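Here is how the chains run, residue by residue.
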Amino acid sequence: MDNKYFPEIDQVIPTRDYKVYLYFDDGSIKLFDARKMIKKGIFRKLQDINLFINACTVLNGTLAWDLEGNYDETKCLDLDPIVLYKTCPDVEEPEWVRT
């Protein structure tokens, strides 16, 4: 990653196995596995698969969960886009998205 590049997420697609496809503004697609994260602290709320999927969104250019449904970034759970960009593996777009 270029030191001048600040990654932003344009789109997210959550799955029923607690993973999220992350579409970055440079065209890359990465896969975030939230299975360990949802066992800790405030993120335990996301063990409810319906909340995990339905609240998953993009706020301020990163992966977030809008727990109250009002897109208030002060009341959401979000993750650092730089960390996601550096640590999540690159993947192809899933076949089921293309069809």
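This text goes with the structure placed above it.
Residues numbered from 1 in each chain as written. Predicted model: local features only at pLDDT ≥ 70, side-chain atom pairs only at ≥ 80, totals over all residues. Heavy atoms only, no water.

Looking now at the overall build of the protein. Helix and strand content of the protein: 3 helices and 6 strands. Reading the secondary structure of the protein in the N-to-C direction produces β-β-β-α-β-β-β-α-α. Against the 2.2 N^0.38 benchmark of 13 Å for 99 residues, the protein shows a C-alpha radius of gyration of 13 Å, consistent with a compact globule. Overall, the C-alpha framework of the protein stretches about 35 × 30 × 25 Å when taken along its three principal axes. Counting only residues that meet the buried cut, the protein has 43% of its 99 residues in that class. Sequence-distant contacts in the protein: of pairs separated by 6 or more residues, those separated by 24 or more amount to 45%. Accessible surface computed for the protein: about 6100 Å², of which carbon and sulfur atoms make up 48%. Of the side chains in the protein, 13 bear a positive and 18 a negative charge, and the two mean positions are spaced by 10 Å. (Helix = DSSP H or I, 4+ residues; strand = E, 2+ residues; numbered from the N terminus. Rg over C-alpha atoms; globule rule 2.2 N^0.38 Å. Buried < 20%, exposed > 50% of the residue type's maximum accessible area, 1.4 Å probe, protein only. Contact = heavy atoms within 4.5 Å. Areas by Shrake-Rupley, 256 points an atom, 1.4 Å probe, with all protein chains shown as cover. Lys, Arg positive; Asp, Glu negative; His and termini not counted. Charge placed at Lys NZ, Arg CZ, Asp CG, Glu CD.)

Under the defined criterion, the tally for this structure stands at 2 salt bridges. Between aspartate 33 and arginine 35 there is a salt bridge, and its shortest N-O distance comes to 2.5 Å. Aspartate 33 gets classed as partly exposed once you look at its relative accessible area, which sits at 33%. (Salt bridge = Lys/Arg side-chain N within 4 Å of Asp/Glu carboxyl O.)

On to the pairing of strand β3 (residues 29-33), then. By the criterion of burial, β3 is predominantly enclosed, with 4 of the 5 residues buried. The pairing of strand β2 (residues 19-24) with β3 spans 5 bridges and is classified as antiparallel. Directly across from tyrosine 23, in β3, lies its bridge partner isoleucine 29. In textbook terms, the turn of a hairpin is the stretch between consecutive antiparallel strands, and for β2 and β3 this stretch comprises 4 residues, one of which, glycine 27, has a positive phi near 95°. (Pairing = 2+ DSSP bridges.)

A contiguous patch of negative charge, built from Glu8, Asp10, Asp25 and Asp26, is present on the exposed surface. Position of aspartate 26 among the secondary structure elements: in the loop between β2 and β3. For aspartate 26, a relative accessible area of 40% corresponds to the partly exposed category. (Patch = residues over 30% accessible without salt bridge, like charges linked within 9 Å, V, L, I, M, F, W, Y side chains within 5 Å.)

Right, let's talk about the side chain of threonine 57 for a bit. You can see threonine 57 is positioned in strand β4 (residues 56-59). Look past the residues within four positions of threonine 57 in its chain and what remains in contact with it is Val12, Thr62, Leu63, Ala64, Asp66 and Tyr71.

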